[in-house]
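Summary of structural features
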Amino acid sequence: MSPIERFGAATPDANRPMRADARRNRARVLEAAESVFAAEGVGAPTEAVARRAGVGIGTVFRHFPTKEALLEAVLVERMRTLAEHARRAAEDDDPQAALFGFLEHVVEQSATKHAFADALSGAGVDVTEVVRDVRAALLAAVDALVARARAAGAVRADVGGAAVVAVLVGASHAAMWAPDEPTRATAIRVILDGLRNAP
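Let me sum up the structure you'll find in this document.

1. Considering the overall build of the protein chain
Helix and strand content of the protein chain: 10 helices and zero strands. Considering the protein chain as a whole, with its 199 residues, one finds that 36% of them fall into the buried category. Per element, the accessible surface of the protein chain, about 11000 Å² overall, is 53% carbon and sulfur.

2. Some words on the pattern of salt bridges
Counted according to the given criterion, the structure contains nine salt bridges. Here E77 makes a salt bridge to R80, at a shortest N to O gap of 2.9 Å. Highlighted residues: E77 and R80, both in helix α5 (residues 67–89), separated by three residues, approximately one helical turn. Relative accessible area serves as the criterion here: at 41%, R80 is assigned to the partly exposed category. The salt bridge involving R132 is made with E129; its shortest N-O contact spans 2.7 Å. Here the salt bridges do not stand alone but share partners, grouping E84, R87 and R88 into one network.

3. A few points about the side chain of T46
With respect to the helices and strands, the residue T46 is situated in helix α3 (residues 46–53). Note on T46: relative accessible area 10%, which makes it buried. Apart from the residues within four sequence positions on either side, T46 is in contact with I57, V60, F61, K67 and L70.

4. What to know about the nonpolar core
A general feature of soluble globular proteins is that nonpolar side chains tend to end up buried together. Membership of the largest hydrophobic core comes to 58 residues, with the highest contact counts inside it found for F37, L70, F102 and L103. For this core, the secondary-structure elements that each account for two or more residues are α2 (20–40), α3, α5, α6 (95–122), α7 (127–130), α8 (132–151), α9 (161–177) and α10 (181–193). Element by element, the count of residues in this core is highest for α5, at 12 residues. Excluding its chain neighbours within four sequence positions, the residues that come into contact with F102 are L82, H85, A86, L138, V142 and L145.

5. With respect to the packing of α6 against α8
When two helices pack together, their arrangement is given by the angle between the helix axes and the distance between those axes. Close contact between α6 and α8 brings their axes to 8 Å; oriented N to C, the two are set at 145°. For the element pair α6 and α8, the recorded crossing hand is left-handed. Between α6 and α8, the contacting residues are P95, A98, L99 and F102 on the first element and L138, V142, L145, V146, R148 and A149 on the second. Here the residues of the contact of α6 with α8 sort into nine nonpolar, no polar and one charged.

6. Things to note about the packing of aromatic side chains
For the structure shown, the criterion picks out zero aromatic pairs. Above the ring of F100, the side-chain terminus of R196 is found at 3.8 Å from the ring centroid.

7. Thoughts on α6
Its 28 residues place the ends of α6 39 Å apart at the C-alpha level, agreeing with the 40 Å of an ideal helix rising 1.5 Å per residue. Of all the bends in α6, the greatest measures close to 45° and is centred on S110. G124 sits one or two residues past α6 and shows a positive phi near 85°.

Calculation criteria
Residues numbered from 1 in each chain as written. Predicted model: local features only at pLDDT ≥ 70, side-chain atom pairs only at ≥ 80, totals over all residues. Heavy atoms only, no water. Helix = DSSP H or I, 4+ residues; strand = E, 2+ residues; numbered from the N terminus. Buried < 20%, exposed > 50% of the residue type's maximum accessible area, 1.4 Å probe, protein only. Areas by Shrake-Rupley, 256 points an atom, 1.4 Å probe, with all protein chains shown as cover. Salt bridge = Lys/Arg side-chain N within 4 Å of Asp/Glu carboxyl O. Contact = heavy atoms within 4.5 Å. Core = buried A, V, L, I, M, F, W, Y, C linked by side-chain atoms within 4.5 Å. Axes fitted to C-alpha atoms, helices over the stretch in contact; angles between N-to-C directions. Left-handed = near helix turned anticlockwise from the far one by under 90°. Nonpolar A, V, L, I, M, F, W, Y, C, P; charged D, E, K, R; others polar. Phe/Tyr/Trp six-rings, centres within 6.5 Å; stacked < 30°, edge-to-face > 60°. Lys NZ or Arg CZ within 6 Å of the ring centre and 35° of its normal. Expected span 1.5 Å × (residues − 1). Bend = angle between axes of the 7 residues up to and from the residue.

Purely geometric numbers; function is a separate question.
So this is what it looks like as C-alpha cells:
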C-alpha cells in the first residue's frame, strides 16, 4: 500500500504516470526534505521543506498529503540510495576499501535514519512494511559487496551479508552513545575491524 493510499488521499488519477514537471517537483521536495530534516530534525515543519524546495506548500501536499507520508518517502529514498551506493562499490577495484568505505558511510547516515523510523513508529506507521521492498534490495546489494570482499580475502570467511548488517546495527548504536568524536571513531573502528580477515 502506498503512503497516499494509507492516509486516504488517493485520487482517481493516482495510477496515471506523473508529468515531467510533477516528477521534477517531487524530486525537489524529497531532496529538500532530506536536507531540512537532517539539519533541523524530523520535527521541522513541512513549510520549511517547501521553502527549501522553492515550491508552494500545496505542491508538497499534492505529493505527500501528510508529514508521515513525506517521512516515509525520504526514508525509502535514503535506503534506495544506499543500495545504489553498495552496487557501485561492488565494482570498485579494491574490494576491501569499497566494503569498509560503504560501512562507514552507513554508520554516518544511521542517526538520521533512526530518527525517521522512530518518528514514523511513533505515528503508528509499520516501518517494516514501508521499507520491505527497498530493504530486500539493500540486503542483496550488501550481500554482493561482502561476497566480493570475502573472495578477495578482505574479510573473514564466515562473514556474510546478514552478519554485516547485524554489525552495522551495533556500530550505529555505538556511534550514537559515544560522548565525543574521538571515542566515536575508535568504537566504530574496533567494531568494524572485527570483520577483517586476520593477518
